[in-house]
Amino acid sequence: MVAEKNTGELQKCFGSRMEFGTAGLRAAMGAGISQMNDLTIIQTTQGFCRYLEKNFSDLKKRGVVIGFDARAHTSSGSSSKRFARLAATTFISQGIPVYLFSSITPTPFVPYTITHLKLSAGIMITASHNPKQDNGYKVYWENGAQITSPHDKGISQTIEDNQEPWPQAWDDSLIDSSLLLHDPYVTINKDYFKDIQKHCFHRNINKETKLKFIHTSVHGVGHEFVQSAFKAFDFKHPFAVPEQKDPDPEFPTVKYPNPEEGKDVLILSFALAEKEGAGIILANDPDADRLLVAEKQESGEWKVFSGNELGALLGWWIFTCWKNQNQDPSAIKDVYMLSSTVSSKILRAIALKEGFHFEETLTGFKWMGNRAKQLMDQGKTVLFAFEEAIGYMCSPVVLDKDGVSAAVITAEMSSWLATKNLSLSQQLKAIYEEYGYHITKASYFICHDPKVIKDLFENLRNFDGKNTYPKSCGKFKVSGVRDLTTGYDNSQPDQKAVLPTSKSSQMITFTFANGGVATMRTSGTEPKIKYYSELCAPPGNSDLDQLKNELDELVSAIEEYFFQPKKYKLQPKTE
């Protein structure tokens, strides 16, 4: 670049350091301090190491776990495995034990290992379902949940203070002979699958089921682990999509390795399902912490379930299994389910009718994982947590989303329903009829100018004069406003929001008199203003078409009056 006088690219590479946030790091692999490479991994780990030394007097006794996915970047020689080994070298050079997986694992294995072996912290080298050039560095605390503020600020500061690589920082061959290096691969593989068997309630049905399942790991790490999970639940193996079952950092068969893209990622799965006569597809993202499910309908069409729909099904199923195991009526008072504030409120409706507790948290599993741990420490039972971005925590042994346990628990639920001649789609309809329809619609606008985004949200805060939020949106009356940027919530007696607020990101939730809820928020990782809308109808109102039309009208009004795409020159989502 220097030889070519390419100052624009050099500025991009060296202009500013990657920001270490609560999700750790996520950036492209390549040269410079703004990208993921050997040096930035060493610097980050040196900072994290010093921060842990400050926080844990017994760090040298307990140690840390490091896992990695199958990502690699040929032109720079970077790979998740190389980054993991360099991180391990940093800790071992300071006399700290490292539990470094000898091979690829799903992301949930790292939080599982922390709590299982009582370690101080964990690192997972993965960029999940990002494009192939990206990588990431995800950090977990001693409680087995992702870090929350102010740890990110503290770690950022110690990274700043430890930029010069320590002696032998690059020499990862040193760790192979170190007594501080442990490989947890065999133990964790055994213990994890033993632990998730606590959620297997219908072995005989699983053994006998006529249902056939397709599994795809979308060129990621999931194949071997989902096969093991099926074995642990006494299922026959699911059919693996051959072109996608082995890890491949090029992700050659998909445009984006992200199951949230829906049908695009499932083309090969549909073809294999037709060939094998299978009715259910289970798709993991490349680090196997998310799960997408599709089911063949009687019409021959495939239904791909949204994160909210599968959240409703798994919530219903896990509660049903719990109820069958717990006959004591007083036990329910200690039972909890969680979901994030932009996810469907269906669990709230089930909780109200059945008598357990429901709590919502801010967006992201770091909040649900930490809250679940707090509740468990108080002796409560946390049965389930989910977010609409196809993330599910079906077992408290992992305080994060886990696509491996979710896949096999979905398979058991499907097999049990099949014995009652019910499909997943029919059961979803039954849930909505019993607890009230909850229909959702989410999308986003693209905006690259932070000032425009700020103006748009400030306009909502000063809609009818200074410090007044909108009282209506077209024909829809606004009944409640919660602003988690400023901390305002007009539904609280003191007008103060209960959930934590953050001035650095924009997020406003409007409640409407017709039972609608809509949240507008900025994205932490992309130039998007996202919205999530839901219409919650009381049980008994089963005119689905009318409800869908009403939600469509509400969304159109929100786009027109609240987003004002023409005024702010917003670019709509392209299909």
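Every chain is numbered independently, its residues counted from 1 as its sequence is written. For this predicted model, a pLDDT threshold of at least 70 governs which residues receive local features, and a threshold of 80 or more governs which side-chain atom pairs are given and counted, while totals over whole chains, interfaces and linings are taken from all residues. The side-chain numbers reported here are obtained from all heavy atoms of the structure, hydrogens and water having been left aside.

**A few points about the sheet that holds strand S12 (residues 291-296)**
Moving on, step 1. Between any two strands, pairing holds if DSSP finds at least two bridges. Here a strand is any run of E in DSSP of at least two residues, a helix any run of H or I of at least four, and the numbering for each starts at the N terminus. The strand order across the open sheet formed by five strands is S10-S9-S11-S12-S13, and the pairing between neighbours is mixed. Among the strands making up the open sheet, the edge pair consists of strand S10 (239-240) and strand S13 (302-304).
Moving on, step 2. Bridge analysis of strand S11 (residues 280-284) against S12 gives five bridges, and the strand direction is antiparallel. Paired with Leu-282 across the bridge in S12 is Val-293.

**A word on the UniProt feature "domain: Alpha-D-phosphohexomutase alpha/beta/alpha" (unreviewed entry) in the protein**
Moving on, step 1. UniProt positions are given in the numbering used here, feature names are shortened, and annotations may be inferred rather than shown by experiment. Mapped onto this numbering, the UniProt entry gives "domain: Alpha-D-phosphohexomutase alpha/beta/alpha" (unreviewed entry) at residues 18-164, 191-296 and 307-435.
Moving on, step 2. In the segment residues 191-296, helix accounts for 30% and strand for 16%; the C-alpha atoms at its two ends are 34 Å apart.
Moving on, step 3. Taken end to end, residues 307-435 has its terminal C-alpha atoms 18 Å apart, with 54% of it in helix and 16% in strand.

**Points about the sheet that holds strand S16 (residues 381-387)**
Moving on, step 1. Taken in spatial order, the four strands of this open sheet run S15-S14-S16-S17, and their pairing is mixed. Single-partner strands in this sheet number two, and they are strand S15 (357-361) and strand S17 (391-393). Neighbour to neighbour, the strand axes of the sheet diverge by 15° on average, direction disregarded.
Moving on, step 2. By the bridge criterion, five bridges tie strand S14 (residues 335-340) to S16 in an arrangement that is parallel. By the bridge assignment, Val-335 is partnered in S16 with Thr-381.
Moving on, step 3. On the sheet, helix H12 (residues 346-354) packs against S14, S15 and S16 and is oriented at approximately 160° with respect to S15.
Moving on, step 4. Where helix H13 (residues 365-377) meets the sheet, its contacts fall on S14, S15, S16 and S17, and the angle it forms with S16 comes to roughly 175°. To obtain an axis, a line is fitted to C-alpha atoms, over the contacting stretch when the element is a helix, and the angle between two such axes runs from 0 to 180 degrees between their N-to-C directions. The contact definition used throughout considers only heavy atoms, calling two residues in contact when any of these lie within 4.5 Å.

**Digging into the packing of helix H7 (residues 185-196) against helix H14 (residues 403-419)**
Two packed helices can be described by the angle between their axes and the distance between those axes.
Moving on, step 1. Two elements in contact, H7 and H14, have axes whose closest approach is 11 Å; the angle formed by their N-to-C orientations is 40°. It follows that H7 is oblique to H14 by the angle criterion. By crossing handedness, the relation of H7 to H14 is classed as right-handed. Of the residues in H14, those in contact with Tyr-192, Phe-193 and Ile-196 of H7 are Val-404, Ser-405 and Val-408. Small angles under 35 degrees read as roughly parallel and large ones over 145 as roughly antiparallel, with 65 to 115 read as roughly perpendicular and the rest as oblique. In this scheme the handedness of a crossing depends on how the near helix is turned from the far one: anticlockwise by less than a right angle means left-handed, clockwise means right-handed.

**Some words on empty space enclosed by the protein**
Moving on, step 1. Note on definitions: the grid is 1 Å and covers protein atoms alone; a cavity is a set of points where a 1.4 Å probe fits but cannot get out; a pocket is an open set with protein on both sides within 12 Å along at least five of seven lines; lining residues have an atom within 4 Å of a point. Grid points are joined across faces, edges and corners, and a volume is the space filled by probe spheres set on the points. In total, this model carries one cavity of 30 Å³ or more according to the counting rule given.
Moving on, step 2. Looking at the largest cavity, the residues that line it are Asp-69, Ala-70, Arg-71, His-219, Gly-220, Val-221, Asp-248, Pro-249, Phe-251 and Pro-286.
Moving on, step 3. Asp, Glu, Lys and Arg are counted as charged, while Ala, Val, Leu, Ile, Met, Phe, Trp, Tyr, Cys and Pro are counted as nonpolar; the rest, among them Gly, fall into the polar class. Residue composition of the lining of the largest cavity, grouped by class: five nonpolar, two polar and three charged.
Moving on, step 4. Domain start and stop positions are those given by an automatic or database domain assignment. When residues of the lining of the largest cavity are sorted by domain, at least three fall in each of domain 1 (2-189) and domain 2 (193-303).

**Details of the domain arrangement of the protein**
Moving on, step 1. Partitioning the protein into structural domains gives domain 1 (2-189), domain 2 (193-303), domain 3 (308-435) and domain 4 (437-572).
Moving on, step 2. Distance between the C-alpha centres of domain 2 and domain 4: 35 Å.

**Details of the environment of Thr-511**
Moving on, step 1. Of note, Thr-511 is situated in strand S22 (residues 507-512).
Moving on, step 2. Note: C-alpha distance between Thr-511 and Trp-322 (189 residues apart in sequence) is 32 Å.
Moving on, step 3. Residues contacting Thr-511, with those up to four places away along its chain left out, are Lys-477, Val-478, Ser-479, Gly-480 and Gly-516.

**Focus: the side chain of Asn-370**
Moving on, step 1. Here Asn-370 shows up in helix H13.
Moving on, step 2. A residue is classified by how much of its surface remains accessible, and Asn-370, at 16% relative accessible area, is buried.
Moving on, step 3. When neighbours within four sequence positions are excluded, Asn-370 is seen to be in contact with Asn-143, Ala-145, Gln-146 and Thr-148. The buried label applies to any residue whose accessible area, calculated with a 1.4 Å probe on protein chains only, is under 20% of its type's maximum; exposed applies above 50%, and partly exposed to all values in between.

**What to know about the packing of helix H2 (residues 38-55) against helix H6 (residues 151-161)**
Moving on, step 1. For the pair H2 and H6, interaxial distance at closest approach is 7 Å and the crossing angle is 120°. When the interaxial angle is binned, H2 and H6 end up oblique. In the packing of H2 onto H6, the handedness of the crossing is right-handed. On H6, the residues touching Gln-43, Thr-44, Gly-47, Phe-48, Arg-50, Tyr-51 and Lys-54 of H2 are His-151, Gly-154, Ile-155, Thr-158 and Ile-159.
Moving on, step 2. Its residues assigned to classes, the contact of H2 with H6 shows four nonpolar, six polar and two charged.

**Digging into the environment of Ile-104**
Moving on, step 1. Residue position: Ile-104 is located in the loop between strand S5 (98-100) and helix H5 (109-117).
Moving on, step 2. Ile-104 sits in the buried class, given a relative accessible area of 18%.
Moving on, step 3. C-alpha of Ile-104 to C-alpha of Val-221: the two residues are 117 residues apart in sequence and 6.4 Å apart in space.
Moving on, step 4. For Ile-104, the contacting residues outside a window of four places in its chain are Phe-68, Asp-69, Ala-70, Tyr-185, Val-221, Phe-225 and Pro-247.

**Re unusual backbone geometry**
Moving on, step 1. Geometrically, the link from Ser-149 to Pro-150 is a cis peptide bond, its omega value of 5° lying close to zero.
Moving on, step 2. By secondary structure assignment, the location of Pro-150 is in the loop between strand S7 (134-140) and H6.
Moving on, step 3. Positioned with a positive phi, Ser-128 is a non-glycine residue whose angle comes to about 50°.
Moving on, step 4. Here Ser-128 shows up in the loop between strand S6 (121-125) and S7.
Moving on, step 5. The backbone phi angle of Gln-495 is positive, close to 65°, even though this residue is not glycine.
Moving on, step 6. Mapped onto the fold, Gln-495 is located in the loop between strand S21 (488-489) and S22.

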